[in-house]
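Here's the letter readout for the chains.
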Amino acid sequence: MALLRSLSAQRTAISLVYGKSNGSVAVAACRSFQRDRRSGSEAAAPPAAAAAVAARAGDGIGSGSGSVRYLHSGDRPMQASTVVQPEMVTPSDPLKRSTQYHKPSPPAGTPAGSPQRDPLDVSFNDPIAAFKSKTTWELMRAYLVYMICSSEKLVEHNMTLMKWSKQVLGQRLFTALMKATFYGHFVAGEDQIKIIPTLERLRSFGVKPILDYSVEEDISQEEAEKREVESSVSSAGDNKDNKEEDSMPQYHVDKSFADRRYKVSSARTYFYLNEATCERNMETFIKCLEAVSVDDQKVPRAVATGATFGTGITAIKLTALGRPQLLLQLSEVIMRTRKYMEAMVGGEGNVLTHHKTIKDLEKYYASLGDNKNVKEFLKNVTSDKEGILHLFPWSGIVDEDSQLSDTFRVPDPQTGQMRRLISQIPPKEEEMFRNMIRRLNTIVKAAADLDVRIMVDAEQTYFQPAISRITLEMMRKYNKDKAIVFNTYQCYLREAFREVNTDMEQAKRQNFYFGAKLVRGAYLDQERARAQALGYPDPVNPTFEATTAMYHKTLSECLRRIKVMKDSSEDARKIGIMVASHNEDTVRFAIEQMKEIGISPEDKVICFGQLLGMCDYITFPLGQAGYSAYKYIPYGPVEEVLPYLSRRAQENKGVLKKIKKEKRLLMSEIRRRVIRGQWFYKPKGNYVPI
């Protein structure tokens with residue numbers, strides 16, 4: 001029956017095309033089909049799709065409501081930005097869908113072996129585009145994993161079940177079970193060598209890696225709280241109860257929230273143990289850089305743009321590199337500085353947004369007369385022709401051996417005496433801060449030397465002012481010729497738009513490349529609960545819709561600035577944005593905005609990212625259509641990534657709508673392959689990441 005259907009479809013297609021005097025197109029389509037049949041190509045489609053080829057040739061066939069919309073070209077180069085609005089076809093009907101895919105013969109003049117480009121189905125309902133990089137076994141495994149993630153009871157007790165399974169089965173059988181299920185689906189491999197096949201296959205289907213060594217400590221809540229409290233309080237004491245110091249409670253540790261894993265499923269947590277552990281974390285991040293660099297060197301390019309073409313990325317966390325107390329104190333200083341500036345000039349926000357000059361400050365301090373302290377303070381203020389950027393010499397803090405206790409001092413407007421904005425830091429802790437900055441400098445310098453990019457992950461709001469400030473200074477230092485360092489912005493925060501805008505303004509004024517990863521955020525429930533418990537304003541947007549609006553508003557502003565630079569013949573790559581989202585509406589919004597304002601994938605200013613094992617129906621179609629697409633690739637030994645796997649299961653439980661769609665597309669593709677006898681389908685891509 002299948003053979004009869006195929007022959008019937010072939011006769012119908014040929015008669016349709018010849019009926020419109022376009023025989024050359026039909027012959028080309030049929031010859032392509034015959035060649036694919038002889039070579040045993042599993043991507044070959046019945047030549048019923050010849051009607052679609054004829055329509056592309058301009059004869060008008062198929063232009064009505066029943067036209068064929070999907071074209072998966074094997075060799076024919078297409079515009080990377082091609083977007084196809086698909087006909088609504090029920091994915092569960094594999095026989096009907098199979099007539100919509102065609103591998104047309106390359107047109108005359110097409111170079112042999114040219115990279116493949118497919119049109120993009122912006123509804124993300126195309127199971128072949130989503131899963132052509134997967135074997136049939138991998139599809140079945142994915143479906144099983146999502147079935148398990150759909151069970152609330154199994155997910156709730158997943159860590160207990162994994163530990164119990166290990167005791168019952170023993171190490172070898174447990175490892176085999178995990179590789180056949182969760183580990184195999186969400187993790188690329190155990191080390192830099194074993195992940196290479198996964199990275200190579202991803203690249204052959206147009207997707208690039210963000211590597212993350214996902215080993216996590218499996219410590220108890222009591223141990224986590226103990227470590228956090230001990231490492232978040234200075235040996236000189238905590239001033240949070242000292243009213244004279246006008247303390248900000250959100251920038252001090254609270255035992256109730258000391259276990260930073262509380263209500264967090266989509267982010268890894270580091271707990272400080274000692275300086276030696278931070279050194280090992282630094283070495284691990286550098287190994288990730290080296291693994292990405294080795295992978296990058298395998299990518300073919302017409303013209304090299306560096307030793308490794310600069311497409312690979314490694315993700316890092318600042319809390320892995322130093323004592324959290326230092327980030328807390330630095331964050332409090334930054335917020336105190338903003339309040340000090342607001343008291344002087346009015347308004348609110350970051351210092352540079354006020355556009356005040358040194359002369360404005362001199363007028364403010366005029367009542368103090370010829371004050372030596374004021375003169376010394378003004379001499380260290382960072383400014384340009386547009387006004388003051390920073391009240392403090394941040395470049396000295398990340399480049400030199402400036403002492404924090406001595407740096408963060410401002411003149412008292414009443415007495416002229418210098419007033420500390422940071423509590424006294426003992427010499428040993430000053431050294432710890434210098435060590436943290438040294439480690440970060442070492443990592444970023446290694447990234448620059450290897451031509452790999454660094455993404456600094458966002459963390460809780462009580463750390464984030466310090467993390468963003470340090471990351472921006474690393475951008476200023478290393479992003480002189482291109483974006484090496486990227487900061488992460490969580491759009492569930494009320495201040496997200498303002499923070500991104502301010503940082504882009506600093507990049508423009510100090511002439512460095514700005515890199516940003518936009519995410520919705522990982523700590524929403526924890527942030528809200530902590531704010532309520534400690535009595536400070538909730539930093540989180542009130543609703544999911546408000547967060548989506550914030551994300552889209554922030555992304556639109558980034559794209560607007562890129563367009564302004566492009567229109568004025570400036571280097572549009574001065575701003576690079578990663579749309580890191582599993583929300584297909586947000587991805588669609590980004591694509592539509594790019595098209596609307598004339599930004600193409602080839603401009604290489606916008607990229608997209610999702611986690612390995614999640615939302616393949618978004619990532620792979622994007623990569624195969626020529627967009628810059630990334631997968632966040634975790635790796636590490638089976639036993640040591642169990643906490644990561646536990647979090648992935650929890651996260652998937654919270655996005656049942658996405659799971660439902662992925663399961664539907666998986667089942668559609670499994671059914672299609674079974675019917676067509678493609679049990680042993682071997683993925684082979686000819687795509688080259690942009």
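Residues numbered from 1 in each chain as written. Predicted model: local features only at pLDDT ≥ 70, side-chain atom pairs only at ≥ 80, totals over all residues. Heavy atoms only, no water.

1. A few points about the overall build of the chain
Here comes step 1: Within the chain, the regular secondary structure consists of 26 helices and 14 strands.
Here comes step 2: Buried residues in the chain amount to 58% of all 690 residues.
Here comes step 3: Nonlocal contacts in the chain, meaning residues at least 24 apart in sequence, comprise 79% of its contacts between residues at least 6 apart. (Helix = DSSP H or I, 4+ residues; strand = E, 2+ residues; numbered from the N terminus. Buried < 20%, exposed > 50% of the residue type's maximum accessible area, 1.4 Å probe, protein only. Contact = heavy atoms within 4.5 Å.)

2. Some remarks on the sheet that holds strand S13 (residues 606-611)
Here comes step 1: Strand order in the closed barrel made by the eight strands is S3-S4-S9-S10-S11-S12-S13-S14, with parallel pairing throughout. Neighbour to neighbour, the strand axes of the sheet diverge by 30° on average, direction disregarded.
Here comes step 2: The pairing of S13 with strand S14 (residues 628-635) spans five bridges and is parallel. By the bridge assignment for S14, Cys607 is matched with Ser628.
Here comes step 3: Docked against the sheet, helix H22 (residues 544-567) engages strand S11 (514-519), strand S12 (575-580) and S13, running at close to 150° with respect to S12. (Pairing = 2+ DSSP bridges. Axes fitted to C-alpha atoms, helices over the stretch in contact; angles between N-to-C directions.)

3. Focus on the packing of aromatic side chains
Here comes step 1: In total, this model carries 13 aromatic pairs according to the counting rule given.
Here comes step 2: Their ring planes at 70° and their centres at 5.9 Å tell us that Phe257 and Tyr262 sit as a pair that is edge-to-face.
Here comes step 3: Overall, Tyr262 belongs to the partly exposed group, its relative accessible area being 34%.
Here comes step 4: With centroids separated by 6.1 Å and ring planes inclined at 75°, the aromatic side chains of Phe608 and Tyr627 adopt a geometry described as edge-to-face. Of this pair, Phe608 sits in strand S13 while Tyr627 sits in the loop between helix H24 (616-624) and S14, and the two are 19 residues apart along the sequence. (Phe/Tyr/Trp six-rings, centres within 6.5 Å; stacked < 30°, edge-to-face > 60°.)

4. Observations regarding the packing of helix H13 (residues 324-345) against helix H18 (residues 427-450)
Here comes step 1: Look at H13 against H18: their axes get within 10 Å of each other, and the N-to-C directions meet at 90°. With respect to H18, the element H13 is oriented roughly perpendicular. Only Glu429, Met432, Phe433 and Met436 of H18 make contact with H13, whose side of the interface consists of Gln325, Leu326, Leu327 and Leu330. (Parallel < 35°, antiparallel > 145°, perpendicular 65-115°, else oblique.)

5. What to know about the pattern of salt bridges
Here comes step 1: Counted according to the given criterion, the structure contains 40 salt bridges.
Here comes step 2: The salt bridge partner of Lys179 is Glu190, with a shortest N-O separation of 3.3 Å. Here Lys179 is found in helix H8 (residues 158-179), whereas its partner Glu190 is found in the loop between helix H9 (182-186) and helix H10 (196-204), with 11 residues between them in sequence.
Here comes step 3: Among the ionic pairs, Glu473 bridges to Arg476, the shortest N-O distance being 2.7 Å. With a gap of three residues between them, Glu473 and Arg476 both fall in helix H19 (residues 464-478), about one helical turn apart. In this pair, the class of Glu473 matches that of Arg476, namely buried. (Salt bridge = Lys/Arg side-chain N within 4 Å of Asp/Glu carboxyl O.)

6. A word on unusual backbone geometry
In terms of backbone geometry, most residues other than glycine have negative phi values and most peptide bonds are trans.
Here comes step 1: A positive phi is found at His355, a non-glycine position, where the angle reads about 55°.
Here comes step 2: Relative to the helices and strands, His355 is located in the loop between H13 and helix H14 (358-364).
Here comes step 3: Even without being glycine, Asn511 reaches a positive phi, approximately 60°.
Here comes step 4: Topologically, Asn511 is positioned in the loop between helix H20 (496-510) and S11.

7. Here we look at the environment of Gly626
Here comes step 1: Note that Gly626 resides in the loop between H24 and S14.
Here comes step 2: Residue Gly626 is classed as buried on the basis of its relative accessible area of 1%.
Here comes step 3: Through-space distance from the C-alpha of Gly626 to that of Pro115 is 9.7 Å; in sequence the pair is 511 residues apart.

8. Some thoughts on H20
Here comes step 1: For H20, built from 15 residues, the straight-helix expectation of 21 Å at 1.5 Å per residue is met to within 8% by its first-to-last C-alpha distance of 21 Å.
Here comes step 2: Residues Ala496, Val500, Thr502, Asp503, Met504, Glu505, Gln506, Ala507 and Arg509 constitute the buried set of H20.
Here comes step 3: Following H20 by one or two positions, Asn511 adopts a phi angle in the positive range, close to 60°. (Expected span 1.5 Å × (residues − 1).)

9. Side note on the state of the cysteines
Here comes step 1: Counted according to the given criterion, the structure contains zero disulfides.
Here comes step 2: Between Cys491, a free cysteine, and Cys558, which holds the nearest cysteine sulfur, the sulfur-to-sulfur gap is 8.6 Å.
Here comes step 3: Judged by relative accessible area, Cys491 falls into the buried class, the value being 0%. (Disulfide = S-S within 2.5 Å.)

10. A look at the nonpolar core
Here comes step 1: Ranked by size, the top nonpolar core spans 162 residues in total, and within it Phe514, Phe608, Leu622 and Leu645 carry the most contacts.
Here comes step 2: When sequence neighbours within four positions are dropped, the list of residues in contact with Leu645 reads Met178, Phe182, Tyr183, Phe186 and Val187.
Here comes step 3: Counting seven residues, the second largest nonpolar core, distinct from the first, contains Ala267, Tyr492, Leu493 and Tyr523. (Core = buried A, V, L, I, M, F, W, Y, C linked by side-chain atoms within 4.5 Å.)

11. Concerning the side chain of Glu473
Here comes step 1: We classify Glu473 as buried; its relative accessible area is 1%.
Here comes step 2: There is a polar contact of 3.0 Å between the side chain of Glu473 and the side chain of Arg469. (Polar contact = N/O pair within 3.5 Å; in protein donor to acceptor, adjacent residues only side chain to side chain.)

12. Here's the deal with H24
Here comes step 1: For H24, the buried fraction is high: nine of the nine residues fall into the buried class.
Here comes step 2: Of all the residues in H24, the buried ones are Asp616, Tyr617, Ile618, Thr619, Phe620, Pro621, Leu622, Gly623 and Gln624.
Here comes step 3: Positive backbone phi, at 95°, marks Gly626, one or two positions downstream of H24.

13. A look at the pairing of S11
Here comes step 1: Burial analysis of S11 places six of its six residues in the buried class, the great majority of the element.
Here comes step 2: Taking every second residue as pointing to the same face, both faces of S11 are buried, with Phe514, Ala516 and Leu518 on one and Gly515, Lys517 and Val519 on the other.
Here comes step 3: Sheet topology note: the strand S10 (residues 485-490)/S11 ladder contains four bridges and is parallel. Within the sheet, the bridge partner assigned to Thr488 lies in S11 and is Lys517.
Here comes step 4: The β-α-β motif built from S10, the intervening H20 and the parallel element S11 has right-handed crossover chirality.
Here comes step 5: Looking at chain direction, S11 and S12 are connected through five bridges and run parallel. By the bridge assignment, Ala516 is partnered in S12 with Ile577. (Right-handed = clockwise from strand over helix to strand, strands pointing away.)

14. As for the pairing of S12
Here comes step 1: Across the six residues of S12, six count as buried, placing the element largely inside the fold.
Here comes step 2: Of the two faces of S12, the one lined by Ile575, Ile577 and Val579 and the one lined by Gly576, Met578 and Ala580 are each fully buried.
Here comes step 3: Bridging between S12 and S13 involves four bridges; their strand directions are parallel. Note that in S13 the partner of Ala580 across the bridge is Gly609.

15. A word on the packing of H22 against helix H23 (residues 584-597)
Here comes step 1: Packing of H22 against H23 brings their axes to within 11 Å, and their N-to-C directions diverge by 25°. Between H22 and H23, the interaxial angle falls into the category roughly parallel. Handedness of the crossing formed by H22 with H23: right-handed. Contacts between H22 and H23 involve Tyr551, His552, Leu555, Ser556, Leu559, Arg560 and Lys563 from the former and Thr586, Phe589, Ala590, Gln593, Met594 and Ile597 from the latter. (Left-handed = near helix turned anticlockwise from the far one by under 90°.)

16. With respect to the side chain of Ser231
Here comes step 1: Locating Ser231 in the fold gives a position in helix H11 (residues 221-231).
Here comes step 2: Taking the relative accessible area as the measure of exposure, Ser231 reaches 2% and is therefore buried.
Here comes step 3: Looking at Ser231, its side chain comes within polar contact range of the main-chain oxygen of Arg227, at 2.8 Å.
Here comes step 4: Not counting residues within four places of it along the chain, the set of residues in contact with Ser231 comprises Tyr272, Arg323, Pro324 and Gln325.

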